[in-house]
Amino acid sequence: MTGEPSRFVTLVMAVVLAFVVGWLLVIGQGILLPIFAAVISVYVLTAAADAMERVPVLRRLPLFLRRLLVLIGFTMSFVALGIVIVVTVNQLIELVPVYRQNLEALAIQFADLIGMKEHPTWDDIHEATIGRINIRGLLTTTLGSVANLGTTTFLVVVYAVFLMSERGTFVGKLVAAFPQGDSAELTTQLVTDINRRIGEYLAIKTLVNVILGAVSYVVLLIMGVDFALFWAVMIGLFNYIPYVGSLIAVALPVILSLAQFGSVATTVVLAALLIIPQVFVGNFLEPKLLSKQLNLSPFVVLVALAVWTAMWGLPGAILAIPMTSMLAIIFAAFPATRFIAVLLSERVDERHHGA
């Protein structure tokens, strides 16, 4: 079977395979998520180790020592994030009475503005907002998510350590597995292409996120927002999620500032100061730095974001673009599936690789 019928059969088989793989990804989330997260982390760690070669003092260190330093920094970053989260939660609990008073005062101001004769009490505010939420269920879900996050983080760090230690022997394993013929060359080229594109994308994306987080931290610090470091880290982390991630992260401290300051004007100023860097990064910095790294259609990005989020939640949203890009590169490497890569791409090059 050749031509269009062959492509149709291939497409049907690809759809069936996609459903099967999706089902396996959902039921195997606990096992697969730490592995995939570790693989993606290794790209960032390797890029960081390679970047150390450009530092005059660090370039003299052996490669294994540079990678060891990167792994130590990677582990300490997760530990520091955990400490920041715990400290933030404890401080937030202590500040709840202050936030309550500010919200009451703000509600009274709003009531006076619209001419209400009776001012709303905290009980009224509580019943209209928080009272409608199942706090017990929310806390149970949150605590369960935190526990799962701790376990997943530990596994990611352990897997990343072993992957980094075996990275140098991986090419040799490929040569041994495919000792001759086109398979060895194709597989080696495929892995090299994935390493280059995903590695460059994640390295640049991480640098952009660090810059965005640092700028946001300065803004939050100047405005006197509580938990400035925590919110800055969340803004940088959520920026891995395309289009909506960083805006969601910005909305959280903006909403909290309303309870902290009890002033709509202050909240509006804070929102403007945080959105300006987002607009600059999203419309100027990232397109300039990342335009040639990945070639995915914006519609495909949104669909991938929805699919991976539905399967794995927030971690899936963060991993959506790297995982989809890997699939596009793999599809582009084989003639039978190359048309799928073309459909996923935003631009089609002369060879119709589309990835």
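Chemist: Which parts of the structure should I look at to understand the overall build of the protein?
Modeler: From N to C terminus, the protein includes 12 helices and zero strands. Mapped in sequence order, the helices and strands of the protein form the string α-α-α-α-α-α-α-α-α-α-α-α. Counting all 355 residues of the protein, 35% fall into the buried class. Contacts in the protein between residues far apart in sequence, at least 24 positions, make up 67% of those at least 6 positions apart. Summing over all exposed atoms, the protein offers an accessible surface of approximately 21,000 Å²; the carbon and sulfur share of this is 72%.

Chemist: Could you clarify how one ought to interpret the environment of G199 in this entry?
Modeler: Relative to the elements of secondary structure, G199 occurs in helix α7 (residues 182-223). Linking G199 and V44, residues 155 residues apart in sequence, is a C-alpha distance of 6.5 Å. Setting aside residues up to four positions removed in sequence, G199 forms contacts with Y43, A47 and I194.

Chemist: Which parts of the structure should I look at to understand the side chain of T46?
Modeler: Tracing the backbone through its elements, the reader meets T46 in helix α2 (residues 29-51). Excluding anything up to four places from it in sequence, T46 contacts M164 and R167.

Chemist: What is the right way to read the environment of F299 from this model?
Modeler: Relative to the elements of secondary structure, F299 occurs in helix α11 (residues 298-332). Taking the relative accessible area as the measure of exposure, F299 reaches 61% and is therefore exposed. Distance from F299 to L344, taken between C-alpha atoms, is 8.7 Å for residues 45 residues apart in sequence.

Chemist: Explain the confidence of the model for the protein here, please?
Modeler: Do not read the predicted coordinates in detail wherever pLDDT is low. Per-residue confidence for the protein gives a mean pLDDT of 77; residues scoring 70 or more make up 77%. Within the protein, helix α8 (residues 228-238) carries the highest mean pLDDT (89), whereas helix α4 (residues 122-128) carries the lowest (58). Every residue in residues 350-355 is under pLDDT 50, and counting partners more than four places away or in other chains gives 17 contacts.

Cut-offs used in this document
- Residues numbered from 1 in each chain as written.
- Predicted model: local features only at pLDDT ≥ 70, side-chain atom pairs only at ≥ 80, totals over all residues.
- Heavy atoms only, no water.
- Helix = DSSP H or I, 4+ residues; strand = E, 2+ residues; numbered from the N terminus.
- Buried < 20%, exposed > 50% of the residue type's maximum accessible area, 1.4 Å probe, protein only.
- Contact = heavy atoms within 4.5 Å.
- Areas by Shrake-Rupley, 256 points an atom, 1.4 Å probe, with all protein chains shown as cover.
- pLDDT = per-residue confidence, 0-100.

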